[in-house]
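Survey of secondary and tertiary structure
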Amino acid sequence: MLYTALIFGLLSSFHCIGMCGPIAMMLPVDRSNQAKKVSQIFTYHLGRITAYASIGFVFGLLGKGFFMAGMQQKLSILIGILMIVAIVIPEKTFANYNFSKPVFRLISKVKQALRNQFKKKSYQSIFTIGLLNGFLPCGMVYVALFGAIAMQSSSLGVLYMVLFGLGTVPLMSSVVYIHSFISLGFRNRIQKAIPVLVVLIGVLFILRGLGLGIPYVSPATMSLFVQANPNCH
């Protein structure tokens, strides 16, 4: 299942162009020195992946708890339903509830810290930009975290999110060089395709949880995660 993180990262990087592309375009890199520019871009990605890995650690721990409780299949169905519901229900509906206000306050602080880092050009500031960027709300990161929960340990949760982050690196790096060719219309078309992708992934989660006996899509048991012959002595 780990390979799906890399594939999903590659696909979701098209979404990243629309959401995080502007941040990558405005990175305070040295455009007169190509070698330094490459190392600065790498530093930015290192910051993003560090953020993903830290979140993956937390969700990997949650996944270990579900694994130990034997709830992987029920969790898979629930995750799939929640993903679809989040797309089907209009965003305005969620805005009517106040439970999200504390989150928005935190996000506002992160964005302010992010703006402050753009005034500097050090490697530390570029790493911090990537780190803060990784903690900003992103639908594709949320979907990847569902995969991290499906892992049965914190270390695998970290690895899953690191692979996801690595998958986004090629396209996100190219944005720094070819940003003038990425039009607003192109980014808008990508945004419209994202909900369809999320619903499809949600359906796959549900099918996997149902255990219909379909190889790779809906195995009879969550054999990829559950040890067939436990070592009990």
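Residues numbered from 1 in each chain as written. Predicted model: local features only at pLDDT ≥ 70, side-chain atom pairs only at ≥ 80, totals over all residues. Heavy atoms only, no water.

1. Side note on a nonpolar patch on the surface
Short version of the rule: Each patch is built from residues that are more than 30% exposed by relative accessible area and take part in no salt bridge. Like charges join if they lie within 9 Å; nonpolar side chains (Val, Leu, Ile, Met, Phe, Trp, Tyr) join within 5 Å. Values of accessible area rely on a 1.4 Å probe in the Shrake-Rupley scheme; residue burial ignores everything except the protein chains shown. For this document, the term salt bridge refers to a Lys or Arg side-chain nitrogen within 4 Å of an Asp or Glu carboxyl oxygen. Strands are runs of DSSP state E lasting at least two residues, helices are runs of H or I lasting at least four, and both sets are numbered from the N terminus onward.
Residues F57, V58, L61 and L62 make up a contiguous nonpolar surface patch of roughly 350 Å² in combined accessible area. Mapping V58 onto the fold places it in helix α3 (residues 34-68).

2. Considerations on the nonpolar core
What counts here: In plain words, nonpolar cores are sets of buried Ala, Val, Leu, Ile, Met, Phe, Trp, Tyr and Cys residues tied together by side-chain atoms within 4.5 Å. We call a residue buried when its accessible area falls under 20% of the maximum for its residue type, exposed when it is over 50%, and partly exposed in between, using a 1.4 Å probe and counting protein chains only. Contacts between residues were defined by any pair of non-hydrogen atoms, one from each residue, lying within 4.5 Å.
Ranked by size, the top nonpolar core spans 24 residues in total, and within it F8, M83, M140, V141, V143, M161 and F164 carry the most contacts. When contributions to this core are tallied by element, the ones reaching two or more residues are α1 (2-19), α3, α4 (72-88), α8 (139-149), α9 (154-178) and α10 (184-210). Of the residues forming this core, the biggest block, eight residues, is contributed by α8. Among all residues touching F8, those that are not within four sequence positions of it are M140, V143, A144, F164, L197 and I201.

3. Here we look at the environment of A5
Structurally, A5 can be placed in helix α1. The residues touching A5, leaving out its near neighbours within four places in the chain, are Y160, L163 and F164.

4. Overview of α4
Going by this rule: For a helix, the expected span equals 1.5 Å multiplied by the number of residues minus one. Picture the helix axis, draw a direction to every C-beta atom, and the arc is the one those directions span.
Between its terminal C-alpha atoms α4 stretches 24 Å, which fits the 24 Å expected from 17 residues at 1.5 Å a residue. If you check which residues of α4 are buried, you get Q72, L75, S76, I79, G80 and M83. Around the axis of α4, the buried residues are gathered within 135 degrees of arc, so they sit on the same side. Among the exposed residues of α4, those oriented more than 90 degrees off its buried face are K74 and V88.

5. Here we look at the packing of α4 against α8
Stated formally: To obtain an axis, a line is fitted to C-alpha atoms, over the contacting stretch when the element is a helix, and the angle between two such axes runs from 0 to 180 degrees between their N-to-C directions. An angle counts as roughly parallel when it lies under 35 degrees, as roughly antiparallel when it exceeds 145, as roughly perpendicular when it falls between 65 and 115, and as oblique in every other case. Polar here means any residue other than Ala, Val, Leu, Ile, Met, Phe, Trp, Tyr, Cys and Pro, which are nonpolar, and Asp, Glu, Lys and Arg, which are charged; Gly is therefore polar.
For the pair α4 and α8, interaxial distance at closest approach is 11 Å and the crossing angle is 175 degrees. With respect to their mutual orientation, α4 and α8 come out roughly antiparallel. In contact with Q72, L75, I79 and M83 of α4, α8 contributes V143, F146 and I149. Looking at the contact of α4 with α8 residue by residue, the classes come out as six nonpolar, one polar and no charged.

6. Considering the confidence of the model for the protein chain
If pLDDT is low for a region, its predicted coordinates should not be looked at in detail. The condition that has to hold: The quantity called pLDDT is the predictor's confidence in a given residue, expressed from 0 to 100.
Averaged over all residues, the pLDDT of the protein chain equals 76, while 75% of them reach at least 70. Contacts of residues 223-233 to residues separated by more than four positions or lying in other chains number nine contacts, the stretch itself having pLDDT below 50.

7. Remarks on the environment of M161
With respect to the secondary-structure elements, M161 resides in helix α9. A C-alpha to C-alpha distance of 8.7 Å links M161 and F57, two positions 104 residues apart in sequence. In this structure M161 touches Y52, A53, G56, V141, A144, L145 and A148, once residues within four positions along its chain are discounted.

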